[in-house]
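# Results of the structural survey
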Amino acid sequence: MKEKSISKAVIKRLPKYYRYLGDLLEFAVERISSKELSEQMKVTSSQIRQDLNNFGGFGQQGYGYNVRYLHDEIGKILGLNKIHNMVIIGAGNLGQALANYISFERSGFRTVGLFDVNPVLQDVTVRGIPIRMLDELQEFIKENKVEIATLTLPKSKAKEVAKLLLEYGIRALWNFAHTDLNLFLPRDVVVENVHLSESLMQLSYNLNSYEEKHKIKK
């Protein structure tokens, strides 16, 4: 049987569903209709039903969705019921900030190593994790069963380090460098490019549109 292809748009919305359902659980909400969920998420109820039907639906006619069950099932779809060991390459301000963000671990993403090329940073600890030099990376990945590498490097170094990580067996990259690494790597490598500047530009556009609509002068 041919595996069903899920659109990127649906996959992009799954973490948002997971987050909103997690918020509902904190308020002890046991069930919710697609209409109620749509009002909170600003997504149409038909879109929610279509998205979830890709994975079996999960809802009951006249009842809606069991919040705990749906949250758990989406977590499984996203692979959050497993532990994923990660390393961070680039232990500057952004790399250290990501290492300090403990919410990743609650979702199953465990930072087990921090690496850099700057000898001044060697053995500095971030949340109990010592910063190591890149010449230790290959052995560390092997010994700690690392699945994901987070790159917080300058653009000029990202491509070189990404190819090195592939040689060491890494097939999933979370890339914060200002370049789309998937353009340079084999198709079987899973890359998630994060461009913080693009998000800020979108915010700037929305702010500018709001000011023009309401005729706000600076």
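Our structure is the block above this text.
What counts and what doesn't
Residues numbered from 1 in each chain as written. Predicted model: local features only at pLDDT ≥ 70, side-chain atom pairs only at ≥ 80, totals over all residues. Heavy atoms only, no water. Axes fitted to C-alpha atoms, helices over the stretch in contact; angles between N-to-C directions. Helix = DSSP H or I, 4+ residues; strand = E, 2+ residues; numbered from the N terminus. Parallel < 35°, antiparallel > 145°, perpendicular 65-115°, else oblique. Contact = heavy atoms within 4.5 Å. Nonpolar A, V, L, I, M, F, W, Y, C, P; charged D, E, K, R; others polar. Buried < 20%, exposed > 50% of the residue type's maximum accessible area, 1.4 Å probe, protein only. Pairing = 2+ DSSP bridges. Right-handed = clockwise from strand over helix to strand, strands pointing away. Phe/Tyr/Trp six-rings, centres within 6.5 Å; stacked < 30°, edge-to-face > 60°.

### Thoughts on the packing of helix α1 (residues 8–26) against helix α3 (residues 45–53)
Packing of α1 against α3 leaves a shortest axis separation of 11 Å and a crossing angle of 105 degrees. Between α1 and α3, the crossing angle belongs to the class labelled roughly perpendicular. In this structure, α1 uses V10, R13 and Y17 to contact α3, whose residues at the interface are Q47, I48, D51 and L52. Residue classes in the contact of α1 with α3 are distributed as four nonpolar, one polar and two charged.

### Some words on the pairing of strand β7 (residues 148–151)
In β7, alternate side chains face the same way, and those of I148 and T150 on one face and A149 and L151 on the other are all buried. In this sheet, β7 lies alongside strand β3 (residues 84–89) in parallel orientation, the contact comprising four bridges. Within the sheet, the bridge partner assigned to M86 lies in β7 and is I148. As paired strands, β7 and strand β8 (residues 172–175) are joined by four bridges and run parallel to one another. Paired with I148 across the two strands is A172, which belongs to β8. With helix α8 (residues 155–167) bridging β7 and the parallel β8, this β-α-β connection has right-handed handedness.

### Concerning the packing of aromatic side chains
Evaluation of the coordinates by the stated rule reveals five aromatic pairs. With centroids separated by 4.7 Å and ring planes inclined at 70 degrees, the aromatic side chains of Y101 and F104 adopt a geometry described as edge-to-face. You can call Y101 partly exposed: its relative accessible area is 44%. Judged by centre distance (5.5 Å) and plane angle (80 degrees), the rings of F104 and W174 are edge-to-face. Note that F104 is positioned in helix α6 (residues 103–106) and W174 in strand β8, a separation of 70 residues in sequence.

### Observations concerning the sheet that holds β3
The strand order across the open sheet formed by seven strands is β5-β6-β4-β3-β7-β8-β9, and the pairing between neighbours is mixed. In this open sheet, the two strands that pair with only one neighbour each are β5 (125–126) and β9 (190–193). With four bridges connecting them, β8 and β9 associate as parallel partners. In the strand pairing of β9, L173 is matched with V191. Each of β3, β7 and β8 is contacted by α8, which is oriented at about 170 degrees to β7, the strand it contacts most.

### Section: unusual backbone geometry
Its identity is not glycine, yet A28 carries a phi of approximately 60 degrees, on the positive side. By the element assignment, A28 lies in the loop between α1 and β1 (31–32). Even without being glycine, K42 reaches a positive phi, approximately 60 degrees. By the secondary structure assignment, K42 is in the loop between α2 (34–41) and α3. Residue K42 is classed as exposed on the basis of its relative accessible area of 74%.

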